[in-house]
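Residue-level listing of the chains:
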Amino acid sequence: MSKIVVEGKMTYEGMSHSFESNGNVELLEQEHSVRGVSHVDKMGNMAFEPDNPRVPTPPLMLLVASGKNYRVRRSSQNYIVSLKLPIVQSRTESEKIHREAWAEAMGEITLDRKAIADTMV
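Colleague: So what about the overall build of the protein? Which residues, and what values?
Modeller: Check the secondary structure of the protein and you find one helix and seven strands. Helices (α) and strands (β) of the protein occur, in sequence order from the N terminus, as β-β-β-β-β-β-β-α. A compact globule built from 121 residues would reach a C-alpha radius of gyration of about 14 Å, whereas the protein, at 30 Å, exceeds it by more than 25%. Referenced to the eigenvectors of the C-alpha coordinate spread, the extents of the protein come out at roughly 80 × 45 × 30 Å. Within the span of the protein, comprising 121 residues, buried residues form 9% of the whole. Taking the intrachain contacts of the protein between residues at least 6 apart in sequence as the baseline, contacts between residues at least 24 apart amount to 24%. When the accessible surface of the protein is summed, it comes to about 11000 Å², and 53% of that surface belongs to carbon and sulfur atoms.

Colleague: Explain helix H1 (residues 91-120) to me, using residue names and the numbers behind them.
Modeller: At 3.6 residues per turn, the α-helix brings residues three or four places apart onto the same side. In this model H1 runs 42 Å from its N-terminal to its C-terminal C-alpha over 30 residues, within 8% of the 44 Å that 1.5 Å per residue would give. Looking at the packing, one finds that the buried side of H1 touches strand E5 (62-66), strand E6 (70-74) and strand E7 (79-83).

Colleague: If you had to explain the nonpolar core to someone new, which residues and values would you point to?
Modeller: In this structure, Ala65, Tyr70, Val72, Ala101, Ala105 and Ile109 together form the largest nonpolar core, which totals six residues. Taken together, the elements giving at least two residues each to this core come down to E6 and H1. Element by element, the count of residues in this core is highest for H1, at three residues.

Colleague: With reference to specific residues and values, describe the sheet that holds E7.
Modeller: As a general point, the strands of a sheet are linked pairwise by backbone hydrogen bonds and lie either parallel or antiparallel. If you trace the three strands from one edge of the open sheet to the other, you get E5-E6-E7, paired in antiparallel fashion. Bordering the open sheet on either side are E5 and E7, each of which pairs with just one other strand. Along the sheet, successive strands turn relative to each other by an average axial angle of 20 degrees, direction set aside. Judged from the five bridges that link them, E6 and E7 form a sheet pairing that is antiparallel. Within the sheet, the bridge partner assigned to Arg74 lies in E7 and is Tyr79.

Colleague: Explain the side chain of Ser94 residue by residue, including any values.
Modeller: Position of Ser94 relative to the elements: it lies in helix H1. Residue classification places Ser94 among the buried positions, given a relative accessible area of 16%. At a separation of 3.2 Å, a polar atom in the side chain of Ser94 contacts the side chain of Gln89.

Parameters at a glance
Think of each chain on its own: its residues are numbered from 1, step by step along the sequence as written. Totals for whole chains, interfaces and linings use all residues, but because this is a predicted model, local features are given only for residues with pLDDT of at least 70 and pairs of side-chain atoms are given and counted only at 80 or more. Excluding hydrogens and water, the side-chain figures rest on all heavy atoms present in the structure. Helix and strand definitions here come from DSSP, where helices need a minimum of 4 consecutive H or I residues and strands a minimum of 2 consecutive E residues; each element is numbered from the N-terminal end. It is over C-alpha atoms that the radius of gyration is taken, and the globule rule equals 2.2 Å times the number of residues to the power 0.38. Only protein chains enter the accessibility calculation, which uses a 1.4 Å probe. A residue is then buried if its area is under 20% of the maximum for its type, exposed if over 50%, and partly exposed in between. Note on contacts: a residue pair is in contact if any heavy atoms of the two residues lie within 4.5 Å. Computed by Shrake-Rupley with a 1.4 Å probe, the accessible areas treat only the displayed protein chains as cover when residues are assessed. Given the number of residues in a helix, its expected span is that number minus one, multiplied by 1.5 Å. Only buried residues count toward a nonpolar core, which is a set of Ala, Val, Leu, Ile, Met, Phe, Trp, Tyr and Cys residues joined through side-chain atoms within 4.5 Å. At least two bridges found by DSSP between two strands are what make those strands a pair. Simply put, an axis is a line fit to the C-alpha atoms, just over the touching stretch for a helix, and the angle between two N-to-C directions goes from 0 to 180 degrees. In protein, a polar contact means a hydrogen-donor-capable atom and an acceptor-capable atom, both N or O and within 3.5 Å, with residues adjacent in sequence counting only if both atoms are side-chain atoms; elsewhere, any N or O pair within 3.5 Å suffices.

And the structure:
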């Protein structure tokens, strides 16, 4: 938004204040409600600082590798391995898929760690 200068009368009473412009000029397309803090000094100058809401940002997740039954992602601190196992399957078949997918995922993690180590040197 561009800077707008308006002359008028500000009334400051305790913890509240109001401002009335001298003219009947439409400056904005619509009314705005903004949260923040107003600072009024001894000379009557006022400055307004809008609140800067602090929203926690989720960690950056990078896809390291994906295969038929697995996916490996890396955050700033951890590797996250997701395995996909069918519901209707015998235990031995599930364990076989788990071993194979886990071995592939660990191989990809090892390669990624080596790539990170190479960039740090």
